[in-house]
Every structure is written in C-alpha cells, then in structure tokens.
Amino acid sequence: MNTLAGGVRVAVGDPSDDATFTLTEDATDDRRAITVESVPDALAELSARCERWPQTAAVCDDVLRAVDPAASTFPGIVTESLAYSTLQSGAEFARWLAERGPAVVPQIADPVVAERDNDRLTVRFNRPGRHNAFSTDARAALLEALEVARLDPSVTEMVLTGNGPSFCSGGDLAEFGTFADPASAHIARTRHSPALVLDEITARLGRACRAEIHGQVQGSGLEMAAFCGWIACHPDAVLGLPELALGLIPGAGGTVSITRRIGRWRTAYLVLSGRSIDADTALRWGLVDEIG
C-alpha cells in the first residue's frame, strides 16, 4: 500500500477495499481497480498531484468513504456540500483564485431552453460558445425547466442534453469565488439543487429520464447527467472530474451519482488523477449506458 499526501492510500496489483483505489497494468472489471499503462508513472503523477493539493485530496477521500451510495440522496448531497464549503475557505482554493486572477462572467440570454413535445420534455443547456459551462443563471433556468417534469405527471419522458459542441464543460470558472460566504453557498447548493430534482425525476421515470451527452462532459455536467436513469453517450465524448486542480471536490452531487455508477474507488481516481476518460471506457465502467 502506498500512502500519498493527504492520507490517500493507493494499492497496486490485487484490488483492496481499504485503499482509495488500486492501480494495475492488467485489464480488470473490478470497480476497485484502474488499469493504467505504467503503475510507476501513474503513482508518480498521483503523488505529485496529492502533494500540491493535500487538503483537497484528503477531503475527497473522506467524503467518498463517508457517503453511502445506497442510501437516500439528500444526506450525501449535504455531506458533499459541507466538505465543498470547507474547501472554499481553504488555502488551496484561494491559491487557485489568485493564480486565475479577476474574471467576468458573461451574461448570456436563455442559458437553458426547454421544449415540450407531447409527453416528452427536452431540456438543453444553451451556452454553446462556452461549451455550456454551468453558471448560477444556468442553474436557476435548469431548475425552472426541471420543475415541469417534477410536478407534471403527464410528462412521461425527459431528455437532458446540450446545444453546440459539448454537453456541459462543468462550472463556469469565471464565476468561482463570487459566493458571499461558504455557509450561504452551502444553503444555495442544497436548497436549490438540480441533482436532487433529477434524482426525484429519475425515481419516477426510470430510464425515461435520459441524458444525451457529447463533447466535453466535465465536472458538474457529468455529475448531473449521472443522476439520470439512462445516459446515451456520443463516441466523441470526453468525461472527467477536474475539480482537484481548483482546490475543490465535485460539488454538484457527483460523490453520490457517479459513485453509484462506478464505485467510490474509480470516482476517487477520476478526481485525484484529473484524467478524463473516453466513451468506451465510460461504457465499460458503467458510467454511461450506451454509445451512439
């Protein structure tokens, strides 16, 4: 067992329940393990990332071990959000903000659009020029659209997708750091959560609550899609969780939704490595349900 900064424990070879995840050079379907080309190279890369973001790595490992993916969604969302708020007050996020410098969030009309066709509701992210980066105004518009599927029993099918070259590239980085304080941000994340609404819609519609993803499917975009009952993935899709480099963990429910699909071990690998996976790998892992 290799212990990295932040207490991250990486096993090599035989999969271990106790490890954060296991690295192997052999093909495997075991959700506790990740196949890499070179274990020594992967370990060196992971070690460097954990040394740069030790607090974030530790919190990521803690949250993924604490969240029970088989339990109801709300406690997991609360656990994730409290940890996220803690990191928003931390030195590693502050360092990223200082390195990014000032940024301005562009105002884009209709960041989410919805269309009703008989019993089907199609909801589309609509900031194509920014690869549908997810912003506060997009969240409000998404919640408004999702309320139709949540409250109207005549909606028997819902599709979540995106206009332009990407499904959703994650949170709009220009907006990060604009929260009033971590406590207010936590209240906003948990009381106005697309994840919780998508989870409720999926509980009613099952596979008829479907995400159709393509292009960049990163961060919050991937996290929200994973709450849908079925994910159809275009062959060009690139899926990942890049939050560690910001000094943050997934904050849109991914520690619940993605862990349910691929287990905490591979979820931890996506966060701590920062590496994206292609559609074929996502299908093999169970992160998506079909390619087409």
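Rules of the game
- Residues numbered from 1 in each chain as written.
- Predicted model: local features only at pLDDT ≥ 70, side-chain atom pairs only at ≥ 80, totals over all residues.
- Heavy atoms only, no water.
- Phe/Tyr/Trp six-rings, centres within 6.5 Å; stacked < 30°, edge-to-face > 60°.
- Buried < 20%, exposed > 50% of the residue type's maximum accessible area, 1.4 Å probe, protein only.
- Helix = DSSP H or I, 4+ residues; strand = E, 2+ residues; numbered from the N terminus.
- Lys NZ or Arg CZ within 6 Å of the ring centre and 35° of its normal.
- Expected span 1.5 Å × (residues − 1).
- Arc of directions from axis to C-beta.
- Contact = heavy atoms within 4.5 Å.
- Polar contact = N/O pair within 3.5 Å; in protein donor to acceptor, adjacent residues only side chain to side chain.
- Pairing = 2+ DSSP bridges.
- Axes fitted to C-alpha atoms, helices over the stretch in contact; angles between N-to-C directions.
- Core = buried A, V, L, I, M, F, W, Y, C linked by side-chain atoms within 4.5 Å.
- Disulfide = S-S within 2.5 Å.

An unreviewed UniProt entry annotates the protein chain as Enoyl-CoA hydratase/isomerase family protein of Mycolicibacterium iranicum.

Topic: the packing of aromatic side chains
Summed over all chains, the structure comprises five aromatic pairs. Note on Phe125 and Phe134: the rings are 6.0 Å apart at their centroids and 80 degrees apart in plane angle, and the pair reads as edge-to-face. Taken as a pair, Phe125 and Phe134 share a single burial class, namely buried. Aromatic pair Phe125 and Phe167: ring centres 5.3 Å apart, planes at 80 degrees, arrangement edge-to-face. With Phe125 in strand 6 (residues 120-125) and Phe167 in the loop between strand 7 (157-162) and helix 6 (182-191), this residue pair connects regions lying 42 residues apart in the sequence. Among the residues examined, Phe125 registers a relative accessible area of 2% and is labelled buried. Given a relative accessible area of 0%, Phe167 falls into the buried group. Every member of this aromatic cluster is reached through a ring pair, and the members are Phe93, Trp96 and Phe176. One Lys or Arg, Arg207, reaches over the ring of Trp230 and ends 3.9 Å from the middle of that ring.

Description of helix 9 (residues 254-273)
If you check helix 9, its first and last C-alpha atoms are just 16 Å apart, much less than what 20 residues at 1.5 Å a residue would give, namely 28 Å. Most of helix 9 is tucked away: 19 of the 20 residues are buried. Looking one or two residues beyond helix 9, the residue adopting positive phi is Gly274, at roughly 70 degrees.

Some details on helix 1 (residues 39-52)
End to end, helix 1 covers 20 Å across 14 residues, agreeing with the expected 20 Å (1.5 Å per residue, within 8%). Those residues of helix 1 that fall on the buried side of the exposure criterion are Val39, Ala42, Leu43, Leu46, Arg49 and Cys50. The arc that holds every buried residue of helix 1, seen down its axis, measures 130 degrees, which confines them to one face. Facing away from the buried side of helix 1, by more than 90 degrees, are the exposed residues Pro40, Asp41 and Glu51. Next to the buried residues of helix 1 lie strand 1 (2-3), strand 2 (9-12), strand 3 (21-24), helix 2 (54-66) and helix 9. One side-chain oxygen at the N-terminal end of helix 1 lies 3.2 Å from the backbone nitrogen of Asp41; it belongs to Ser38.

Concerning the sheet that holds strand 4 (residues 33-35)
If you trace the four strands from one edge of the open sheet to the other, you get 1-2-3-4, paired in mixed fashion. Both outer strands of the open sheet, strand 1 and strand 4, are each paired with one neighbouring strand and no more. In the sheet, strand 1 pairs with strand 2 via two bridges, with the strands oriented antiparallel. Looking at the pairing, Thr3 lines up with Arg9 of strand 2. Helix-sheet contacts for helix 1 involve strand 1, strand 2 and strand 3, and the interaxial angle to strand 3 is about 140 degrees. Helix-sheet contacts for helix 9 involve strand 3 and strand 4, and the interaxial angle to strand 3 is about 75 degrees.

Some points on the nonpolar core
With 82 residues, the main nonpolar core has Phe21, Leu23, Met158, Ile213 and Leu239 as its most contacted residues. For this core, the element with the highest residue contribution is helix 9, accounting for nine residues.

Points about the state of the cysteines
Here a disulfide denotes one covalent bond, and it connects the sulfur atoms of two cysteines. For the structure on display, the rule yields zero disulfides. Cysteine Cys233 remains unbridged, with the sulfur of Cys228 as its closest cysteine sulfur at 13 Å. When its relative accessible area of 0% is taken as the criterion, Cys233 is described as buried.

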